[in-house]
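Summary of structural features
What follows is the residue order along each chain.
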Amino acid sequence: ASSMQDVVALLTTSGQSTCGQDVNLRIGVAGAEVVLRAYDAKVDGYAEVAKFDPAVGPVPQAYSDAASDADLRWRVTLAEGVTSWQVVESLKLADFLSGDVKAVPLEGALAPGSYEVEKGFDRKALIDEMQTDQAAVLAELWAKRADGLPYASPDEAMIMASIVEKETGVASE
């Protein structure tokens, strides 16, 4: 007979758990990287297993091994300040996405943030989701804007905000 402690130890230590693994394509201003993480019960948190630049490679064996697992969670994360071109180029390099992107969206049209995807998710559908999220954010901010601002549309305000951000790098401005 096994004690409850033995059963718990067997369940938590036997074999590699795949339900606690995720892949994140992180797209930043300086470049993109694919990060494979696995849940580590010893530290009660995630630990990086592999990381690589999809434009340069090589693809680590640990990533290749994990990528075929049906339970693996997939995510794409955009940092603030990333250009639409950088997003499109990085998505083209993501081996876990599918489909073509015919055009680069206008600058400022993609919402930064984290997007859960399925393996094989369509690149264009992901870009559409990023655009929808950004349009919703702009509409909300536009509705709350101060009176007397010299902008005729949310797009004009976004362009000015992008210019100020690039020139100053100070969020409060």
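Heads up: these notes are all about the structure in this document. (Residues numbered from 1 in each chain as written. Predicted model: local features only at pLDDT ≥ 70, side-chain atom pairs only at ≥ 80, totals over all residues. Heavy atoms only, no water.)

**Some words on the overall build of the protein chain**
Here is the rule: By definition, any uninterrupted DSSP run of H or I lasting at least four residues is a helix, any uninterrupted run of E lasting at least two residues is a strand, and each is numbered from the N terminus. In this scheme, a residue with accessible area under 20% of its type's maximum is buried, one over 50% is exposed, and one in between is partly exposed, where area comes from a 1.4 Å probe on protein chains only. In what follows, residue pairs with any heavy atoms lying within 4.5 Å of each other are defined as contacts. Computed with a 1.4 Å probe, the accessible areas rest on the Shrake-Rupley method; for each residue, only the protein chains presented here act as cover.
When helices and strands are counted, the protein chain shows 5 helices and 7 strands. Tracing the protein chain from N to C terminus, the helices and strands come up as α-β-β-β-α-β-α-β-β-β-α-α. With 173 residues in all, the protein chain has 28% of them scored as buried. Taking the contacts inside the protein chain whose residues are at least 6 apart along the sequence as the reference set, 49% of them involve residues at least 24 apart. Accessible surface, the protein chain as shown: approximately 10,900 Å² in total, 56% of it carbon and sulfur.

**Describing the nonpolar core**
One recurring pattern in soluble globular proteins is that nonpolar side chains are buried together. Our working rule: The definition of a nonpolar core used throughout is a set of buried Ala, Val, Leu, Ile, Met, Phe, Trp, Tyr and Cys residues joined through side-chain atoms within 4.5 Å.
In terms of nonpolar packing, the biggest core is built from 30 residues, with Leu25, Val76, Leu91 and Phe96 touching the most fellow members. Looking at this core, the elements with two or more residues in it are β1 (21-28), β2 (31-40), β3 (45-52), α2 (61-67), β4 (73-78), α3 (84-93), β6 (113-117) and α4 (123-143).

**Let's talk about unusual backbone geometry**
Phi angles above zero are rare outside glycine, and Asp44 is one such case at about 50°. Tracing the sequence through the fold places Asp44 in the loop between β2 and β3.

**As for the packing of aromatic side chains**
Condition: Any two rings among Phe, Tyr and Trp, with Trp reduced to its six-membered ring, count as a pair given centres within 6.5 Å; such a pair is stacked if its planes are under 30 degrees apart, edge-to-face if over 60, and tilted if neither.
If you walk through the whole model with that rule in mind, you get 4 aromatic pairs. With centroids separated by 5.0 Å and ring planes inclined at 65°, the aromatic side chains of Phe52 and Tyr63 adopt a geometry described as edge-to-face. Here Phe52, found in strand β3, pairs with Tyr63, found in helix α2; they are 11 residues apart in sequence, far enough to count as distant. Of the two residues, Phe52 and Tyr63, neither departs from the other in class, the shared state being buried.

Geometric descriptors of this kind do not, in isolation, establish any biological role.
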